[in-house]
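Structure assessment
Each chain, letter by letter, is given below.
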Amino acid sequence: MTRTARTDAAFLVVALGCVAPFLLPLAGLSGGDAGEQARLYVGNLSKLSFLVLAARWAVRSAARFEADNPMRGTWRMMAAGLLTFAAGQAVLVIYQVLLRLPSPFPSLADAFFVLSYPFLLAALLRAIRAYGETGYPIGSVRARVGTAVVVAAAAALVGYPLLRPIVAAPAAPLEMFLNVAYPVLDLGVLIPVVILLRIAARFRGGEVWKVWAGLLAGFLLMCVGDILFAHFNAMGREDLEPLVDVTYILSYAALARGALGQYQLLTS
Amino acid sequence: MPKTTDALDTIVKVLSPYLGETMARAAARAHCEKLGIPVDSAEMSREHLDALVRKFAQGLNIFVGREKSAAVVSEIHAAIAARGAS
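Just so it is clear, the structure is predicted and the values come from calculations on it, not from any experiment.

1. With respect to the layout of surface pockets
All names here are of chain A. By volume, the largest pocket is sized at about 1,000 Å³. Around the largest pocket, the lining comprises 36 residues; the ones closest to its centre are Q96, S103, F232, E241 and D245. A total of seven residues in the lining of the largest pocket trace back to one element, the largest contributor, which is helix α2 (residues 32–64). Residues of the lining of the largest pocket, tallied by class, amount to 20 nonpolar, eight polar and eight charged. Considered as a void within the structure, the second largest pocket measures approximately 270 Å³ in volume. Together, 14 residues line the second largest pocket, and D8, F11, L12, A254 and R257 are the ones closest to its centre. Of all the secondary-structure elements, those providing two or more residues to the lining of the second largest pocket are α1 (3–26), α7 (207–234) and α8 (241–267).

2. Some remarks on empty space enclosed by the protein
Residues and elements named next belong to chain A. Taken as a whole and judged by the stated rule, the model has one cavity of 30 Å³ or more. Around the largest cavity sit Y117, L120, D186, V189, L190, V193, F219, L220, M222 and C223, which together line it. Counting residues per element, the ones that place at least two in the lining of the largest cavity are α4 (108–133), α6 (173–200) and α7. Its residues assigned to classes, the lining of the largest cavity shows nine nonpolar, no polar and one charged.

3. Regarding the interface of chain B and chain A
At the junction of the two partners, chain B supplies 24 residues and chain A supplies 27 residues. Contact between chain B and chain A buries roughly 1,900 Å² in total, counting both sides, with carbon and sulfur atoms accounting for 59%. There are one salt bridge connecting chain B and chain A. Two residues, R66 of chain B and D68 of chain A, come together in a salt bridge whose shortest N-O distance is 2.8 Å. Counting every contact that joins chain B to chain A gives twelve residue pairs in polar contact (both at pLDDT 80 or more). Elements with a minimum of two residues in the side of chain B that touches chain A: α1 (4–19), α2 (21–35) and α3 (46–85) of chain B. Of the residues forming the side of chain B that touches chain A, the biggest block, eleven residues, is contributed by α3 of chain B.

4. What about the nonpolar core?
Of all hydrophobic cores here, the largest spans 97 residues; its most connected members are W75, Y131, Y136, F203 and W212 of chain A together with L19 of chain B. Beyond its immediate sequence surroundings of up to four residues, W75 of chain A is in contact with A58, S61, A62, F65, V211, L215, G258, A259 and Q262 of chain A.

5. Some details on α6 of chain A
For α6 of chain A, spanning 28 residues, the distance from its first C-alpha to its last is 40 Å, which sits close to the expected 40 Å at 1.5 Å a residue. Taking the largest bend as the criterion, α6 of chain A deviates by roughly 25°, centred on L190 of chain A, and proline P192 of chain A comes between one and four positions later.

Each value, and the rule that gives it
- The residue numbering used here restarts from 1 in each chain and proceeds along that chain's sequence as written.
- Following the order in which they are written, the chains are lettered starting with A and the ligands numbered starting with 1.
- Thresholds applied to this predicted model are a pLDDT of at least 70 for local features of residues and 80 or more for the giving and counting of side-chain atom pairs; totals over whole chains, interfaces and linings are not thresholded and use all residues.
- Only hydrogens and water are set aside; all other atoms, that is, all heavy atoms of the structure, feed into the side-chain values.
- The rule is simple: put a 1 Å grid over the protein atoms alone, call a set of points where a 1.4 Å probe fits but cannot get out a cavity, call an open set with protein on both sides within 12 Å along at least five of seven lines a pocket, and count a residue as lining if it has an atom within 4 Å of a point.
- Grid points are joined across faces, edges and corners, and a volume is the space filled by probe spheres set on the points.
- We count a stretch as a helix when DSSP gives it H or I for four or more residues in a row; a strand needs E for two or more, and each element gets its number in order from the N terminus.
- In this classification, Asp, Glu, Lys and Arg are treated as charged, Ala, Val, Leu, Ile, Met, Phe, Trp, Tyr, Cys and Pro as nonpolar, and every other residue, Gly included, as polar.
- Throughout, a residue-residue contact means that at least one pair of heavy atoms, one from each residue, lies within 4.5 Å.
- Accessible area that two parts lose when put together, evaluated with a 1.4 Å probe and summed over both, is termed the buried area.
- We define a salt bridge as a side-chain nitrogen of Lys or Arg found within 4 Å of a carboxyl oxygen belonging to Asp or Glu.
- Distance and chemistry together define a polar contact, namely a pair of N or O atoms within 3.5 Å, with one atom able to donate a hydrogen and the other to accept it when in protein, and with adjacent residues in sequence counting only for side-chain atoms on both sides.
- Here the nonpolar core consists of buried residues drawn from Ala, Val, Leu, Ile, Met, Phe, Trp, Tyr and Cys, with membership extended through side-chain atoms lying within 4.5 Å.
- Think of it in three bands: residues with accessible area under 20% of the maximum for their type are buried, residues over 50% are exposed, and the middle band is partly exposed, with areas taken using a 1.4 Å probe on protein chains only.
- A helix is expected to span 1.5 Å for every residue after the first.
- Throughout, the bend at a residue refers to the angle made by two axes, fitted to the seven residues ending there and to the seven starting there.

Shown next as structure tokens:
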């Protein structure tokens, strides 16, 4: 078994272990007080740990690239986005784990989460530009623009029915803004994510593909999680809560795996 | 001078773990075309081989950094030399 395969297996096992407590309620079992406690601690701490690890490996990857390498800027932006995101998650951990209080919505955590999006978006756009500079056959600029237009149109078509019930539900202005902002920001991020997925798929079978497959899977799952969260929050769909946690945990695990993959690629 | 097919196969083999075999082959074809290297000729000149490897390295720099890319280039040259010697 190669080191990459071992790392993949380790991430998969840990991520599945972390989502296990959330699968009980999805299967109609609560698990009692122990289940509640497991979800509280495992959910919060695994999300924070994966994000901190992702940020750490992003920082270290950025530091390893030479000053004139276009990927250095990409990984710096990625690191800034992940660190900001981890700060938001840390706020939630303080409320839920340390203070044993339900985290308010909106809270300081949302300021960090929203602030992370420009960094993450910049990282993805820089990555597309960097891929273009490799000189490898990754498709034409025209094809990338075409993909952007198609994804934007699809996002608008999918986003409208998804967001309509959220907008119609009664909520305070800031809460309403965030309920709409998260899925909209995610759908915005989805455009460079799909372009990058199409490019990265040409590298299937190689380490470069594994780095971006992890990162892009992470962003896709984050998008799904935010849409589920908006429905859960705006329409009182408490049945969605465990699924929201599952998607977030898997998302952050995938981001961490991608960032570690890049660091290993630079150092092995 | 190395055989063209041997040189290309070696480059693809060394780069596949990083780029994937499909991309390594597609990039080899595209780079040869851009550099005017005839892929159907029996042998590849040293100048053409160096230019081709340099072109690959420029792209690889972006993914793995200059240090690792230089190590991969050395690996390619060593593998081609070993293949030529055998």
